[in-house]
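# Tertiary structure, described
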Amino acid sequence: MKTLITEDQLRAGIRSFAEKIQQHYQGRPLTLVGVMVGSIMLLADLIRFLDLPMRIEIVQARTQPHGLRSGPLVLNGDVLASSILNRHVLVVDDIFDTGRTLWDLIPQIDDLGPISVRIAVLLQKEGRREVPLKPDFTAFTIPNEFVVGYGLDYCDKYRNLPYIAALEPQEMEEAEGKSAAP
Ligand code: 5GP
Ligand code: MG
């Protein structure tokens, strides 16, 4: 496993990312929509760092086995609608890879009548974007490697790491084997 972003770098990067978001919204009420589960740590840190009236909602991206690609999104219907109508919305996700997850999600949020919708991601992978959509706030840009830690898993492992690491192919095979055991 190779550390890409150390715990100290992560903390400093997220702090300045949160400051940019804070400056952008200038104290206006905001709804944070966390795309579960990978963004759970980032969402918790943003809640700590942002000094704004905030409403928190979550949506669930159904991930295919081994977490390589997110499938259709399941929205929390009525609750979500009332937190989006006539409000500024910031969608919080772990990684912008191809962008397809957010490309599916953003129109669903737009349909609920927000004042504005912006996207904040912890990580963006270089050279992978497949849709005409870009995050408005990105904490770190990383090379095209499979990463884990700070809420990001592989086969249910590594979410607890306090830093971001890239997995070697052999480690991915090992994690797959372990997750198959009862
Ligand atoms: P996209 O739809 O942008 O291609 O993929 C985004 C989703 O795929 C992320 O929110 C994440 O759940 C998953 N994903 C993409 N790359 C990685 C990665 O390197 N590590 C992990 N753990 N998940 C990833
Ligand atoms: Mg995700």
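Preceding this section is the structure that the text describes.
The structure contained in this document is the topic of the report that follows. Everything numeric in this text was worked out from a predicted model, so none of it was measured.

### Some words on the side chain of D45
Mapped onto the secondary structure, D45 falls in helix α2 (residues 40–49). Among the polar contacts listed, one links the side chain of D45 to the side chain of Y150, at a separation of 2.5 Å. Residues within four places of D45 in sequence aside, it is in contact with I14 and Y150.

### Some thoughts on unusual backbone geometry
Look at the link from M36 to V37: it is a cis peptide, with omega at 0°. Of note in this structure, Q26 is not a glycine but carries a positive phi near 50°. Tracing the chain through its elements places Q26 in the loop between α1 (7–25) and β2 (30–36). One non-glycine residue with positive phi stands out, namely N86, at about 60°. Within the element layout of this structure, N86 appears in the loop between α3 (77–84) and β5 (88–96). Under the relative-accessibility criterion, N86 is labelled exposed at 56%.

### Considering the site of ligand 1
Residues in contact with ligand 1 amount to 18 residues; listed here are only the nearest, D94, T98, G99, T101 and V147. The contact in question runs from an oxygen atom of ligand 1 to an N or O atom on the backbone of R100, over 3.3 Å. The backbone of V147 places a nitrogen or oxygen atom 2.7 Å from a nitrogen atom of ligand 1. The fraction of the free accessible surface of ligand 1 (510 Å²) that becomes covered by protein chains is 94%. Sorting the residues of the shell around ligand 1 by element identifies β5 and α4 (100–110) as the ones contributing at least two each. Sorting elements by how many residues they give to the shell around ligand 1 places β5 first, with 4 residues. Residue classes in the shell around ligand 1 are distributed as 5 nonpolar, 5 polar and 8 charged.

Thresholds, definitions, all that
Residues numbered from 1 in each chain as written. Chains lettered and ligands numbered in written order. Predicted model: local features only at pLDDT ≥ 70, side-chain atom pairs only at ≥ 80, totals over all residues. Heavy atoms only, no water. Helix = DSSP H or I, 4+ residues; strand = E, 2+ residues; numbered from the N terminus. Polar contact = N/O pair within 3.5 Å; in protein donor to acceptor, adjacent residues only side chain to side chain. Contact = heavy atoms within 4.5 Å. Buried < 20%, exposed > 50% of the residue type's maximum accessible area, 1.4 Å probe, protein only. Near = heavy atom within 4 Å. Areas by Shrake-Rupley, 256 points an atom, 1.4 Å probe, with all protein chains shown as cover. Nonpolar A, V, L, I, M, F, W, Y, C, P; charged D, E, K, R; others polar.

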